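# Report on the structure
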Amino acid sequence: MLTAAGTTSTAVAADLPAPAAGAVAATTRTVAADGSAQYRTVQAAIDASAAGDTISIAKGTYREVVNVPANRTGLTIKGATGDAEDVVITYDNAAGTKKPDGSTYGTRGSATATFAASSLTVTGVTVQNTWLRSEHPEITDTQAVAVTAQGDRQIFRNDRFIGHQDTVLNWAPSATGQYRQYFRNSFISGDVDFIFGDATAVYDRVNITLRDRGAAAGGNNGYLTAPNTNSAKKYGMLITGSTISSSAAADTFSLGRPWHPTADAVGQLVIRDTALPAAVRVAAPWTDFGTFPWKSARFREYANTGPGATVNANRPQLTAAQAGEYTAAAYLAGTDGWNPVS
């Protein structure tokens, strides 16, 4: 994984404390590519912002790499129209793409957008990585991240995240630290390990598309997830109340494999109450990652439906009693009772 180097609605603000006496009032900063707003690029607005500000982005396509640093706590980034298809942030770096100095970007460095600030809300935008394997046969490190989420108490609502390999990285800068990320009413697409990482991430009522790489029925089109949750954490990833779809041939996608970059990485993932397409391998939807066996990971399902869903010895299930411990609210509560679920 790591190498060297839809529905739309009004944004919901992150839970933030009331400003302290004498604090500077939050500011709304506007962005429009045509020059009709305060800033022409999203990054320029971020650079000028302070913690708690709102960045409102006009309809348009913004070809740029975006980085929100950790000190922009409480920032809101929103598409001005409320329709994620109207506001597109796009770039096309891969892990193996060379920088001007000859080094490569690596997986995290390939991200079109990196969100490092806590209590962040992103709503009504598309972030995509358009790098294509077919156009760069000379590159073997083909990870190409659209979004890296690496803060705590982050909310992504009514967004679109589009890529191929490694579309969304849920990252914990400290593997045992508290980093919670909530994705709601959004669209995500990819083909290989495209929801992955070691943060605590909930995908609630999202639409996920497994992109067809052309494999025939029974072949290998890819893997939906690749969690590397630290073994000390109870909660890693949850996909709940969602719809997974694909035009790919039957039995060509795995639900996940356990990324094992360190000895204490034991991926945790529950997929529950979710519709699964025929493209999902019915008999055995989980697979090993290298020499690390999927049965050593913490993979479970519960009450899934659709042609890709069934119950057998290769599909561990939660019991009804266990299911009550693996809800969106339980994953996100953490040590402070955070509850953005509605």
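What counts and how
Residues numbered from 1 in each chain as written. Predicted model: local features only at pLDDT ≥ 70, side-chain atom pairs only at ≥ 80, totals over all residues. Heavy atoms only, no water. Core = buried A, V, L, I, M, F, W, Y, C linked by side-chain atoms within 4.5 Å. Buried < 20%, exposed > 50% of the residue type's maximum accessible area, 1.4 Å probe, protein only. Helix = DSSP H or I, 4+ residues; strand = E, 2+ residues; numbered from the N terminus. Contact = heavy atoms within 4.5 Å. Pairing = 2+ DSSP bridges. Axes fitted to C-alpha atoms, helices over the stretch in contact; angles between N-to-C directions. Salt bridge = Lys/Arg side-chain N within 4 Å of Asp/Glu carboxyl O.

## With respect to the nonpolar core
- Judged by nonpolar contacts, the single largest core of 52 residues is most densely connected at I57, V68, I77, F115, Y203 and L224.
- Sort the elements by how many residues they give to this core and helix α1 (residues 42–48) lands first, with three residues.
- Those residues in contact with I77 that lie beyond four places of it in its chain are I46, I55, I57, V68, F115, T121, V122 and T123.
- Core analysis: the next-biggest nonpolar cluster, separate from the first, contains 13 residues, L238, L318, L332 and W338 among them.

## Looking at the side chain of D152
- Tracing the sequence through the fold places D152 in the loop between β10 (147–149) and β11 (154–157).
- Residue D152 is classed as buried on the basis of its relative accessible area of 11%.
- Filtering out sequence-adjacent residues up to four positions away, D152 remains in contact with S118, S119, Q178, Y179 and R180.

## A word on the sheet that holds strand β21 (residues 243–246)
- The strand order across the open sheet built from seven strands is β3-β6-β9-β12-β15-β18-β21, with neighbouring strands paired in parallel fashion. Each edge of the sheet is formed by a strand with only one pairing partner; in this case those strands are β3 (60–63) and β21. For this sheet the average axis-to-axis angle between neighbouring strands, irrespective of direction, equals 15 degrees.
- Inspection of the sheet shows strand β18 (residues 207–210) paired to β21 by four bridges, in the parallel sense. Bridge assignment links I208 to a residue of β21, and that residue is I244.

## So, the pattern of salt bridges
- Tallied over the full model, the rule gives 12 salt bridges.
- Residues R180 and D152 are paired through a salt bridge, measuring 2.8 Å at the closest nitrogen-oxygen approach. You can see R180 sitting in strand β14 (residues 180–184) and its partner D152 sitting in the loop between β10 and β11, a full 28 residues away along the chain.
- A salt bridge links R315 to E301; its shortest N-O distance comes to 2.8 Å.

## Focus: the sheet that holds strand β19 (residues 222–227)
- Reading across from one edge, β4-β7-β10-β13-β16-β19-β22 is the order of the seven strands in this open sheet, with parallel pairing throughout. Sheet topology places β4 (66–68) and β22 (253–256) at the edges, where each strand pairs with a single neighbour. Strand-to-strand twist in this sheet, taken as the mean axis angle between neighbours without regard to direction, amounts to 10 degrees.
- Here strand β7 (residues 113–115) pairs with β10 via three bridges, running parallel.

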